[in-house]
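# Report on the structure
The lines below spell out each chain.
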Amino acid sequence: MDSQNTINTNPEAKMLLSHAKTFRLHTGNLVNRSRLKKKCPGSPSEELRDCIQASLSDWISTTKLSSKDLTDTLEFSIPEATDAITPEEREELKVSVKLFLRESGQSSIKDAVEMACQTLAVSQLDSVIIAPPGPSDGDSQSLAHLQPAWEELETLVRSKQIAAIGTSDLDKDLLEQLYKWAQIKPSSNQVNLASCCVMPPDLTAFAKEFDIQLLTHNDTKELISADTFQEAVRAGAQDLNIGDWRLEWVLRYNVIVKSRGIIKSKGYLVSAKKTST
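To start, this report covers the structure provided alongside it.

The rules behind each value
- Starting afresh in each chain, residues are numbered from 1 along the sequence in its written order.
- Totals for whole chains, interfaces and linings use every residue, but because this is a predicted model, local features are given only for residues with pLDDT of at least 70 and side-chain atom pairs only at 80 or more, for both listing and counting.
- With hydrogens and water excluded, all non-hydrogen atoms of the structure serve as input to the side-chain values.
- Each helix corresponds to a stretch of at least 4 residues labelled H or I by DSSP, and each strand to a stretch of at least 2 residues labelled E; elements are numbered beginning at the N terminus.
- The cut-offs for exposure are 20% and 50% of the maximum accessible area for each residue type, with area from a 1.4 Å probe on protein chains only; residues under the lower value are buried, those over the upper are exposed, and the others partly exposed.
- Note on contacts: a residue pair is in contact if any heavy atoms of the two residues lie within 4.5 Å.
- Under the convention used here, a 1.4 Å probe and the Shrake-Rupley method define accessible areas, while residue burial counts only the protein chains that appear.
- Fitted lines through C-alpha atoms give the axes, limited to the stretch in contact for helices. The angle between two N-to-C directions lies from 0 to 180 degrees.
- Geometric relationships in this document are graded by angle, where less than 35 degrees denotes roughly parallel, more than 145 denotes roughly antiparallel, 65 to 115 denotes roughly perpendicular, and other angles denote oblique.
- For a crossing to be left-handed, the near helix must be turned anticlockwise from the far one by less than a right angle; the clockwise case is right-handed.
- Gly is put with the polar residues, along with every residue not named as nonpolar or charged; the nonpolar set is Ala, Val, Leu, Ile, Met, Phe, Trp, Tyr, Cys and Pro, and the charged set is Asp, Glu, Lys and Arg.
- Strand pairing is assigned whenever DSSP detects at least two bridges linking the two strands.
- Each reported salt bridge corresponds to a side-chain nitrogen of Lys or Arg within 4 Å of a carboxyl oxygen of Asp or Glu.

## Points about the overall build of the protein
If you tally the helices and strands in the protein, you get nine helices and nine strands. For the protein, the proportion of its 277 residues judged to be buried stands at 47%. Within the protein, contacts between residues at least 6 apart in sequence are counted, and of these 73% link residues at least 24 apart. Counting only carbon and sulfur atoms, one obtains 48% of the accessible surface of the protein, whose full area is about 14,000 Å².

What follows is the structure in structure tokens.
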């Protein structure tokens, strides 16, 4: 279906998108989505951009829309592309999540975790790694900057929505500060090997002493820029004039078969708010 035809046959899409104040998007299981499997993104940022564009376009093209569905929060998802986890297979699977926050706010963490649990049909995520927004005005990251997000993660661990929580890109000093302050200790810390080709010895020693798993990643500091996000939304909406959207958070999940170490499903959840009408 070409974009012009979609615009003509789905006038409801523009109405729904124009009315909504928040949208939540689920890419579906990328392991199964043949349209995206044919492409080989060069980075997580490119993958996310392509996923947002394709998922929004598919939703407009395949979902039966009605003006009766007007709502402040619009959910973009393709049911057929979602792999919910059944109770029978839950024990054999590990659900790992990395949450990229664009804005500070404990409610964003709770919303993201609840959406992930609902999307995957689980009551608990096995691990959540937090990537908080960067400090303003070029300041370096500090414990005070991390504390609000970590306190919300601890609340979700206590309510059994998360089993283990971890951090991303903390050096030894900041990881030690967080470990001493936190009531629920970090179980892992991700290190970006693009900026650090060898694990720092002091970080390795501290992690070993306190049983913190060191993981590696290749995510950019800003997973997707505001401009790139806007471009992906506009392209996916096939240039409908739907206003500007501000990205709140991105959650990336992986569902791994424990006994075989293979990825059963993976995908992104995205939340954004409208900045203009």
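## Quick word on the packing of helix H4 (residues 44-62) against helix H9 (residues 226-236)
The description of two packed helices rests on the angle between their axes and on the distance between the axes. Between H4 and H9, whose axes approach to 7 Å, the crossing angle comes to 25 degrees. In this view, H4 runs roughly parallel relative to H9, as classed from their interaxial angle. The hand of the H4/H9 crossing is right-handed. Mapping the contact onto sequence places Arg49, Ile52, Gln53, Leu56, Ser57 and Ile60 in H4 and Thr228, Phe229, Ala232, Val233, Ala235 and Gly236 in H9. Its residues assigned to classes, the contact of H4 with H9 comprises seven nonpolar, four polar and one charged.

## Regarding the sheet that holds strand S2 (residues 73-76)
Read from one edge of the open sheet, nine strands run S2-S1-S9-S8-S3-S4-S5-S6-S7, paired in mixed fashion. Since the sheet does not close on itself, it has two edges, and those belong to S2 and strand S7 (213-217), each with one partner. Direction aside, the axes of adjacent strands within the sheet are offset by 20 degrees on average. Of the pairings in the sheet, the one linking strand S3 (residues 93-101) to strand S4 (residues 125-131) comprises five bridges and is parallel in character. Bridging across to S4, Val97 finds its partner in Val128. Of the strands in this sheet, strand S1 (22-26), strand S8 (245-257) and strand S9 (262-274) are in contact with H9, which crosses S8 at around 80 degrees.

## Some thoughts on the pattern of salt bridges
Inspection of the entire model under this criterion finds eleven salt bridges. A salt bridge links Lys172 to Glu176; the nearest nitrogen and oxygen atoms lie 2.8 Å apart. One end of the pair is Lys172 and the other is Glu176, both in helix H7 (residues 172-181) and four residues apart, which spans about a single turn. Classification of Lys172 by relative accessible area gives partly exposed; the value is 22%. Residues Asp244 and Arg234 are paired through a salt bridge, measuring 2.4 Å at the closest nitrogen-oxygen approach.

Taken by themselves, the reported measurements are silent on function.
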